[in-house]
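# Close look at the chain arrangement
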Amino acid sequence: MPVEHDEEHFAGRLSHALHDAGDRFDADRAALVAGGLVRGRRQRLRRRAAVVGGAAGIALVGVGGALLAPWGGTPAPRPSTSTSASSVAGQPSGTPSAVPLTGRELIATLEDLLPEGKFSEQQARGTEDSMPAPYVRLVYDDGKGPGAIGVSLNRVKPGSDQARETTDCPDNALVPHDSCVSTRLSDGSLLKLFQGYEYPDRRVDTRLWSADLITPSGQHVSVSEWNAAAEKDAPISRPEPPLSTAQLKELVTAQVWRKYVEFIPDDPSKPTATVTPPSAPAEPTVEAILGTLVPLLPEDAEVVDRGSDYSYVVVDDGKGRSLVQIDVQHGMGDVADELFGSGSETLADGTKVIERKGPGDKGVAGGAMWTVDTLRTDGFRIAVSAFNAGTQHEAPTRETPALTTKQLREIALSPEWDQYR
Amino acid sequence: MRQARADEYAEFAAARAGHLYRSACLLTAGDTHLAEDLVQETLGRIYVRWGRVSRVGNPAGYAQTVLTRAFLAHQRRRSSTERATDAIPDRAATYGGHGDLPLRLTLLQALAGLPAKDRAVIVLRYWEDRSVEETADALNASSAAVRTRCTRALGRLRQLLGEDLGEYATP
């Protein structure tokens, strides 16, 4: 059939073109991973907050964390005299982060971004301590001698004197140095690459090279490196610090640091931090969901296993194990059309219901997954699925799931769930 | 999250972030900012459910499904505030491989001209190489609906790009 053949031919060429186009998008993977971690941890915290104190819990955690932080202290490594005014954040711009950034994450990130070598004497402070400015430092040895490297993160007000002092090159008469270049990058960030000395009077010739980056939104990333294993009071271990200027630039501009700046809590002395309840109710815990689900199961379905971090139970009615999964979600009204297309029905109270009988996980021969999905008018969704096996990916243990779609429907539409709306 | 599981998640996220981002760039027709946002959202959701996700056979496929659904949910939200244009202007003359733009950009423009769901079908079928059934599963749609969308989307792309995807012609 010529038409079908044509379509296949075009599809083949399209697939090639898509791969060519897609493969040219290059991501800053570390930044994506860090961003994902931030969101995941926030979501997780939201769930936990629901356990301890209901909806207000999360906001209190964020504000409480910030109140513990006395703002305006002197943050750690001060790369050089020429940037002495740069470190104290005056006008924080981000939102308070409820989940602290840990020192361990900072160390792992720095080690990940550096070229291969040996790492030792790692030290770091995240945002979990009382001081607001996170930093990480370690001794890095590329095989040509150890050198100290430090990264500190902060916020500054873009365009302020403080920001200018950080990215303007100092007068050579005041701060003797070998090289200093200040440039504006294509994304609007200002970058200063500096090569000077730890002691401006050169009483010891420890070299200090640094890179300071300030983004248009005021994120300040500062990287410093020395040709000694410590900033001060350590013998010179190599002619120059370990990273070239180009490597220093690459390190300071890594997107991940900017994400980390967002973990720094806002200045609590500013009266902007107010406790506002989240717009959607907190998600119920797995324990609560299963506590509601189990009494709704048919009497002959004995619960033989239950999830702890995901809401499922495995039941056995004497004919084999059957996995039953349930999702309880808020704010799903915006995807109603995606979920409840053709074949769905609308009940008298506006609740949408759809029943699906599918083969379950792909690759499982003979697998069956029966689902009843429901959506209340306020976006509250209950979806219950039953499988003909004890897990989603194992071979079937029985012909059909232990629950009929009628039973799944009764569970999904039970008024018991209204307590979580 | 227990350490072993956290390490496992970190390894997964680092290994898949690049591919997810490229998929997201195609889904968003080259909107790299939105793509970054969607990938972070996806990785965040996977993080929360890692215990379960890691138990299913194919976490990479699961992540792709989460990404696709996050994209569609985003489009739904957006379309309630922006005017949706379903009518695609006939721009076949300005697309096509012979135009001023490299084919890559021409292709992204053409993708942008498709409705979001059609784009998702194209990306899942021809970038992810998923079967019609797998695509239907990811989109919570029927196989028949996916087939219909696919045929329609291919027809539109052909109209927009012309027959001339020549430089990618398979031997």
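We now turn to the structure provided with this report.

What counts and what doesn't
Residues numbered from 1 in each chain as written. Chains lettered and ligands numbered in written order. Predicted model: local features only at pLDDT ≥ 70, side-chain atom pairs only at ≥ 80, totals over all residues. Heavy atoms only, no water. Helix = DSSP H or I, 4+ residues; strand = E, 2+ residues; numbered from the N terminus. Buried < 20%, exposed > 50% of the residue type's maximum accessible area, 1.4 Å probe, protein only. Contact = heavy atoms within 4.5 Å. Areas by Shrake-Rupley, 256 points an atom, 1.4 Å probe, with all protein chains shown as cover. Phe/Tyr/Trp six-rings, centres within 6.5 Å; stacked < 30°, edge-to-face > 60°. Pairing = 2+ DSSP bridges. Axes fitted to C-alpha atoms, helices over the stretch in contact; angles between N-to-C directions.

Turning to the overall build of chain B, a few remarks are in order. When you go through chain B residue by residue, the secondary structure sums to eight helices and zero strands. Secondary structure elements of chain B occur, N-terminal to C-terminal, as α-α-α-α-α-α-α-α. For chain B, the proportion of its 171 residues judged to be buried stands at 49%. Residue pairs in contact within chain B that sit at least 24 positions apart in sequence constitute 68% of those at least 6 positions apart. By element, 48% of the accessible surface of chain B is carried by carbon and sulfur atoms, the whole surface being about 7,600 Å².

We describe a pair of aromatic rings using the distance from one ring centre to the other and the angle between the two ring planes. All names here are of chain B. If you walk through the whole model with that rule in mind, you get six aromatic pairs over all chains. Measuring from centroid to centroid gives 5.1 Å for Tyr-9 and Tyr-47, while their planes differ by 80°, and the two rings are edge-to-face. Residue Tyr-9 is located in helix α1 (residues 3-27), and its partner Tyr-47 is located in helix α2 (residues 32-48); the two are separated by 38 residues in the primary sequence. Tyr-47 sits in the buried class, given a relative accessible area of 9%. When the centroid spacing of 5.8 Å and the interplanar angle of 75° are considered together, the rings of Tyr-9 and Trp-50 count as edge-to-face.

Right, let's talk about the environment of Ile-382 of chain A for a bit. Residues and elements named next belong to chain A. Turning to its location among the elements, Ile-382 is positioned in strand β14 (residues 381-387). Between the C-alpha atom of Ile-382 and that of Ile-411, which follows or precedes it by 29 residues, the distance is 9.0 Å. With residues up to four places along the chain from it excluded, the contact list for Ile-382 reads Ile-326, Asp-327, Val-328, Val-372, Asp-373, Thr-374, Arg-376, Ala-412 and Trp-417.

Moving on, we get to the sheet that holds strand β11 (residues 345-346) of chain A. Adjacent strands of a sheet pair through backbone hydrogen bonds, lying either parallel or antiparallel. Residues and elements named next belong to chain A. Strand order in the open sheet formed by seven strands is β8-β9-β10-β14-β13-β12-β11, and the pairing between neighbours is antiparallel. Since the sheet does not close on itself, it has two edges, and those belong to β8 (302-306) and β11, each with one partner. Relative to strand β10 (residues 321-329), strand β9 (residues 312-316) runs antiparallel, the two being bridged by five bridges. Bridge pairing links Tyr-312 to Gln-325 in β10. Taken strand by strand, helix α10 (residues 405-412) contacts β11, β12 (352-358), β13 (369-375) and β14, and its axis lies near 30° from that of β13.

As far as function goes, none of this settles anything; it's purely spatial.
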